[in-house]
Structures are given as C-alpha cells and as structure tokens.
Amino acid sequence: FLSFFLLGSIIFKDYGVSSDEYSSRIKGFVTLNYLGEKISPDLNKKYKKDKNIPDIENYKQKIYGVVFEAPASFLEIIFDIQDKKNQFLLRHYLSFIIFFIGTIYFFKLLLIRFNSFKLSILGTSFLILSPRIFANSFYNNKDLVFLSFFIIASFYAIKFIKEQNLKNSLKFSIFSALTIDIRILGILLPFVTLSISFIKNFFQKKLKEKLNLNISIIFFVVIFTIIFWPYLWEAPFKNFIFAFKGMANFNIDTYNLFFGDYINGKNVKWFYIPTWITITTPIIYLLLFLIGLIISLKQIFNNKYNYKNDNIFIDLFFIGCFFSPLIAVIIFNSTLYNGWRQLYFIYPSLIYFSIIASNYFFNLKNKKLFQTFFLIIFLNLISISFWMFKNHPHQYVFFNNFISTKNIHKKFDLDYWGLSYKQNFEIILKNEKKDKIKIYNLSHNNIWNHLFSLKQKSRDRFVLVNNIFDADYLITNFFLDTEYSKIDFLGQYEVFNEILVDNNSINTVYKKIN
C-alpha cells in the first residue's frame, strides 16, 4: 500500500485535464456560494469577490451531489491556489487519495470474506492493475470517487449484514448517504443491503428481532443524505425526486462511437454496457469472474454454505451490487455515454467473484494445477503491469484481446475526455519558437478545458483560431471528429506528432507546411 501511495503521489501530475473537470469545479463553488449566503453573507462576499458564480436554483448540474467538489473547492480557497493548473492538480491528488483509501477498504472487505491475507492482496492488486480504473482514479472525480465510496459503504454493509447492531447501522448509513450524495445511483446500496438482511433474518428466523434495526437504516440514510447534500435542504423530497429523475435519464444530446456507428446516448442497446465491460477488462479477470460467479451460485443453490454461514449473504450482496445496476439502466433506459464509466462502481464486485475463483484454485489439492494457476496469474499481472507502464499515462484507452485494436479509433471512442492533449501541447511548446501559436481543434472536445493542464504562461502562448487555414497547428483526439477524415487540409499540413497506444493514434498534431 505504501508503494502504491508513493507511486500515485509521483505520477498524478502526468495526467491531463478532462472535459468534465471545469464544470465539476464550478459545482463545488455553487454549493459553497449557497452555504456562504446562508451562514455568513459578508464572509461569502469577501471570498467570492467578482467571481460569476450561478445561484444553485438556476444551476443545471444541481442534481449532482457535491461530496467531493465542495470540499475540494474549499481547500482551493484555504490554500489560495490561483493558477488553474494547480487547482486541477489538487483535485487529481484528492481523487487519487480517495481511491487509495478505497483500495484499503477493499482489502479489508476481502479479508472479512476470505480470511486470507494473500487472497486479499491479490484482489486489491487486481483492482489496482486494471488499466482504465487506474488511470481514471487520478482525474475522474465523478465515477472513480463514486466507486471508492461505494467500496467503503460496501465494507460497512458487510459488517452490518454479519453483525446487525446500532453501531454498524450508523456507520453504514453515513457512508451509504455519502455515496448517494456523489451519484444518486448509490441508492442501490441500502436497497441491496436491506434485501440481503431480510433474507438472512428470514432464514435465521430473526425478522421480528431485527425489524426495528433495519428500519432505522432507512431513517438514518434519509437524514444523512439530506445533511450531506445542501441542494436538498429546502425541499428534501421534492428536490431528491427531481434529481433522481434527472439522473435516471440525464438530458444530454451526445453520441457514442460503437462498433463503427454513431449512436445517441439516449438510444443505446441493452448490450452496450456488457460489451464495454467485456472488451476493456483484462481477460484473466473476466474468466475468473465467470468461474467465481458459477462457484458462488452453485454453493448458494446447493446450500453448501448453509444459512448460518455469512459467506452466502456476502456473495448475495455482491451479486446484487453487480447485476441490479445493469438491470436498472436497462429498465430506466438511462442515457449512457463515454464507454461504461457511469457503471465503473460495479467493477469491485467483478473482482470480488474473481477472488472466489482464485480461492478455489489456490485450495486445489493437485500441486501441479495449483502451480499452473499461480504461474498464469503471475504472468498476466506482469503483462498488464508492463502495458500500463509502457502506455503511461494513457491507460484509459486499454482494450483486451477480445477485440482487434487495428483501426480501433474507427470503431470505438478512445480518449473521449481529451486527456492526451496535455502531452501534445507540451511537445508543441517545446519545439515551437513563436511567442504566439495559432492552433485549431478538429475534434468535438472544447480545447479550452484541456489547456488548463498547462501553467498560465504556457496557456497564453496558444491562440485558438476559428478557421483551419489560419492555424499553425491542427490537433485532434478524434472524438466525434468529422474533419480529420477529410484530406482537403493535408496539402498544407503534415503530421507533426502522434500519441500512439497499441499502434493507434489517440491524439495527432498537424503542422502547417512552410
């Protein structure tokens, strides 16, 4: 864990600023402004100065919780961080620290279930050595922060399922509420937990005995959800329902490149998420997940655990955490885009079942089979680690061998958030002697957001132009790019630099030919 923490503390500066981070930062200040007006208007005016911060009532993204954004914005004020680059670096480091804490809780969770230090370390290694999850942990303050809190809340859910008392009820309720206040889909946590608790109490004939305690969770979760989400304070139930409806079918008109076709995020097919999971998760984890799920279901239906063994209920909990969100997005016809990042939080459940399979293989009496399995795991982890090292910091475009990576940019969205702009900006700055550099962005991304990965002095050298042929450089990350495929401009421009992952360019710069 110390090695992972030190590594993250060194490399967090390597990642660019994504498309969503600027708006996420504003969310934090909208909430702080709201709280300031309520608590101390004079103090709020002092720190707000001339900033144009929207009122919370007129702010479209008020339906998002601000458990991460508001404290991050508060720290930005406390430490008086002025340069935009450093403001986002602060958020990157905070995001990593939260994920780091999440991995510790995941280790502790596995330790409860398997009572094995080795298996717990293995499961935590699987989680960390998941290329897309690893990269997102440094900049995705929505989905990865949600994943991390989901892990923490799941730990306390398991503690409550095993030992139902007021102390565990309170701990679970607090972290469950925090999870809901990051993403409203976190409401699945108390639903799944109470369902499993009901099943356990039914079979152990403790329904009446534990009824009040389970009802108290509903009460505590509601109270803490309101406390941690200022938007709910004035009209808790009305605003929560409004947020729930908004998140279930978020009104955004965007398209996904999916098997070569552009599909509106509001009209994705039911197999969209399963497909993304299948082609972006290391194959060894997928195979172990399927084996572990089969083992678990077989033991549940054969009742080999028996209903006095808590392992059966822990397994049922993770079955619920994995499948209920998948079912929910299909039932509600949720708007989905940018791969499967909105459902990254089910990934720890996938890893959980892979460790059930690992436990099975590690307990084989046949020594040769055990050694073979150990060697396969070891070689796969080495291979994944090498790929992550080789392609740092672009682990977010990982695809496994279930899909050919040849011309994959024509089949699927790659760097949809524009993280790769940072590296090409730096290469242009290093090689261009002009004080002012005219640049034109070919992709759908707003290049203005990505310039915040540079210091003010470097940002000021770039001049964004509206006409292709006025530019010294053209740049694209190919996201919804309708220009790069046209060859009209190639007579005046040539490829200056490409950022390659698996021989595919995820960001290309063209320079005007003198």
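Now for a look at the structure at hand. Small disclaimer: the values here were computed from a predicted structure and weren't measured.

Along the protein, the regular secondary structure elements total 20 helices and 7 strands. Computed over the C-alpha atoms, the radius of gyration of the protein is 24 Å, within 12% of the 24 Å expected from 2.2 N^0.38 for a compact globule of 514 residues. Each principal axis of the C-alpha distribution contributes one length, and for the protein these read about 80 × 65 × 45 Å. Out of the 514 residues in the protein, the part that is buried amounts to 57%. Pairs at least 24 apart in sequence give 77% of the contacts found in the protein among residues at least 6 apart. For the protein, the computed accessible surface area is about 23,800 Å², with 61% contributed by carbon and sulfur atoms. Distance between charge centroids for the protein: 10 Å, based on 57 positive and 35 negative side chains.

Take helix α11 (residues 207-227) next. Its 21 residues give α11 an end-to-end C-alpha distance of 30 Å, which sits within 8% of 30 Å, the value for a rise of 1.5 Å per residue. Of the positions making up α11, those classed as buried are K210, L213, N214, S216, I217, F220, V221, F224, T225 and I226.

One open sheet holds the 5 strands; their spatial order is β4-β3-β5-β7-β6, and the pairing between them is mixed. Sheet topology places β4 (462-464) and β6 (493-501) at the edges, where each strand pairs with a single neighbour. Each strand of the sheet is rotated relative to its neighbour by a mean of 30°, with strand direction disregarded. With 3 bridges joining them, strand β3 (residues 437-441) and β4 adopt parallel strand pairing. Across the sheet, residue K438 finds its bridge partner in β4, namely V463.

Right, let's talk about helix α10 (residues 188-203) for a bit. The end-to-end C-alpha distance of α10, which contains 16 residues, comes to 23 Å, matching closely the 22 Å that a straight helix rising 1.5 Å per residue would cover. The complete set of buried residues in α10 reads L188, L189, P190, V192, T193, L194, I196, S197, K200 and N201. Positive phi appears at K205, one or two residues downstream of α10, with a value of about 55°.

Estimates place the volume of the largest pocket at around 760 Å³. For the largest pocket, the lining is made up of 29 residues, of which F29, Y47, K48, K51 and I77 are closest to its centre. Where the lining of the largest pocket is concerned, the elements lending two or more residues are α2 (21-39), α3 (41-48), α4 (69-78) and α5 (84-114). The dominant element in the lining of the largest pocket, judged by the number of residues it contributes, is α2, at 9 residues. The residue inventory of the lining of the largest pocket, partitioned by class, reads 14 nonpolar, 7 polar and 8 charged. Approximately 550 Å³ is the volume attributed to the second largest pocket.

Attention now goes to a nonpolar patch on the surface. Nonpolar side chains collect at one region of the surface, where F374, L375, F378, L379 and I382 lie side by side and expose about 510 Å² of accessible area between them. On the secondary structure map, F374 appears in helix α17 (residues 367-390). Exposure remark for F374: the relative accessible area of 48% places this residue in the partly exposed category.

Take the packing of helix α14 (residues 283-301) against helix α15 (residues 311-331) next. One way to put it is that α14 packs onto α15 with a least axis distance of 10 Å and a crossing angle of 130°. The pairing of α14 with α15 is recorded here as oblique in orientation. Of the two elements, α14 crosses α15, and the hand of that crossing is left-handed. Where α14 approaches α15, its residues F289, L293, S296, L297 and I300 are matched on the opposing element by I312, D315, L316, I319, F322 and F323. Classifying every residue of the contact of α14 with α15 gives 9 nonpolar, 1 polar and 1 charged.

Where helix α9 (residues 166-180) contacts α11, the axes come no closer than 8 Å and their chain directions differ by 40°. In this structure, α9 crosses over α11, and the sense of that crossing is right-handed. Contact with α9, carried on its side by L166, S169, L170, F172, S173, I174, S176, A177 and I180, involves L213, S216, I217, F220, V221, F224 and T225 of α11 and no other residues of that element. Among the residues forming the contact of α9 with α11, the class breakdown is 11 nonpolar, 5 polar and no charged.

Before going further, it helps to spend a moment on the packing of aromatic side chains. By convention here, two paired aromatic rings are described through the distance between centres and the angle between planes. Tallied over the entire structure, the rule returns 67 aromatic pairs. Between Y15 and Y139, the aromatic rings sit 6.1 Å apart at their centres with planes inclined by 40°, giving tilted as the arrangement. A residue pair is termed long-range when its members are at least 10 positions apart, and Y15 in the loop between α1 (2-11) and α2 and Y139 in the loop between α7 (131-136) and α8 (143-162) qualify at 124 residues. Here Y15 falls in the buried class, since its relative accessible area comes to 2%. Residues Y105 and Y156 carry aromatic rings whose centres are separated by 5.8 Å and whose planes lie at 55° to one another, so their mutual orientation is tilted. Residue Y105 is found in helix α5, and its partner Y156 is found in helix α8; the two are separated by 51 residues along the sequence. What makes Y105 buried here is its relative accessible area of 15%.

The subject of this paragraph is the pairing of strand β5 (residues 473-476). Side chains Y473 and I475 project from β5 onto one buried face, and the interleaved L474 and T476 project onto a second face that is buried too. The pairing of β5 with strand β7 (residues 504-512) spans 4 bridges and is classified as antiparallel. From the neighbouring strand, L474 faces β7, where its bridge partner is Y510.

Membership of the largest hydrophobic core comes to 137 residues, with the highest contact counts inside it found for Y285 and F317. Among the elements that line this core, the one with the most residues is α8, at 15 residues. Aside from chain neighbours lying at most four places away, what touches F317 is S154, A157, I158, I161, L189, V192, T193 and I196.

Here the structure, examined in full by the defined rule, presents 15 salt bridges. For K142, the salt bridge is made with D20, and the minimal N-O distance between the two is 2.9 Å. On the criterion of sequence distance, the pair formed by K142 in the loop between α7 and α8 and D20 in the loop between α1 and α2 is long-range, its members being 122 residues apart. On the basis of relative accessibility, which here comes to 9%, the residue K142 falls in the buried class. Ionic pairing is found between R459 and D83, a salt bridge with its closest N-O pair at 3.5 Å. Of this pair, R459 sits in helix α20 (residues 456-459) while D83 is found in the loop between α4 and α5, placing the two residues 376 residues apart along the sequence.

So, how was this worked out
- Residues numbered from 1 in each chain as written.
- Predicted model: local features only at pLDDT ≥ 70, side-chain atom pairs only at ≥ 80, totals over all residues.
- Heavy atoms only, no water.
- Helix = DSSP H or I, 4+ residues; strand = E, 2+ residues; numbered from the N terminus.
- Rg over C-alpha atoms; globule rule 2.2 N^0.38 Å.
- Buried < 20%, exposed > 50% of the residue type's maximum accessible area, 1.4 Å probe, protein only.
- Contact = heavy atoms within 4.5 Å.
- Areas by Shrake-Rupley, 256 points an atom, 1.4 Å probe, with all protein chains shown as cover.
- Lys, Arg positive; Asp, Glu negative; His and termini not counted.
- Charge placed at Lys NZ, Arg CZ, Asp CG, Glu CD.
- Expected span 1.5 Å × (residues − 1).
- Pairing = 2+ DSSP bridges.
- Axes fitted to C-alpha atoms, helices over the stretch in contact; angles between N-to-C directions.
- 1 Å grid on protein atoms, 1.4 Å probe; cavity = no way out; pocket = protein on both sides within 12 Å on 5 of 7 lines; lining within 4 Å.
- Points joined across faces, edges and corners; volume = space filled by probe spheres on them.
- Nonpolar A, V, L, I, M, F, W, Y, C, P; charged D, E, K, R; others polar.
- Patch = residues over 30% accessible without salt bridge, like charges linked within 9 Å, V, L, I, M, F, W, Y side chains within 5 Å.
- Salt bridge = Lys/Arg side-chain N within 4 Å of Asp/Glu carboxyl O.
- Parallel < 35°, antiparallel > 145°, perpendicular 65-115°, else oblique.
- Left-handed = near helix turned anticlockwise from the far one by under 90°.
- Phe/Tyr/Trp six-rings, centres within 6.5 Å; stacked < 30°, edge-to-face > 60°.
- Core = buried A, V, L, I, M, F, W, Y, C linked by side-chain atoms within 4.5 Å.

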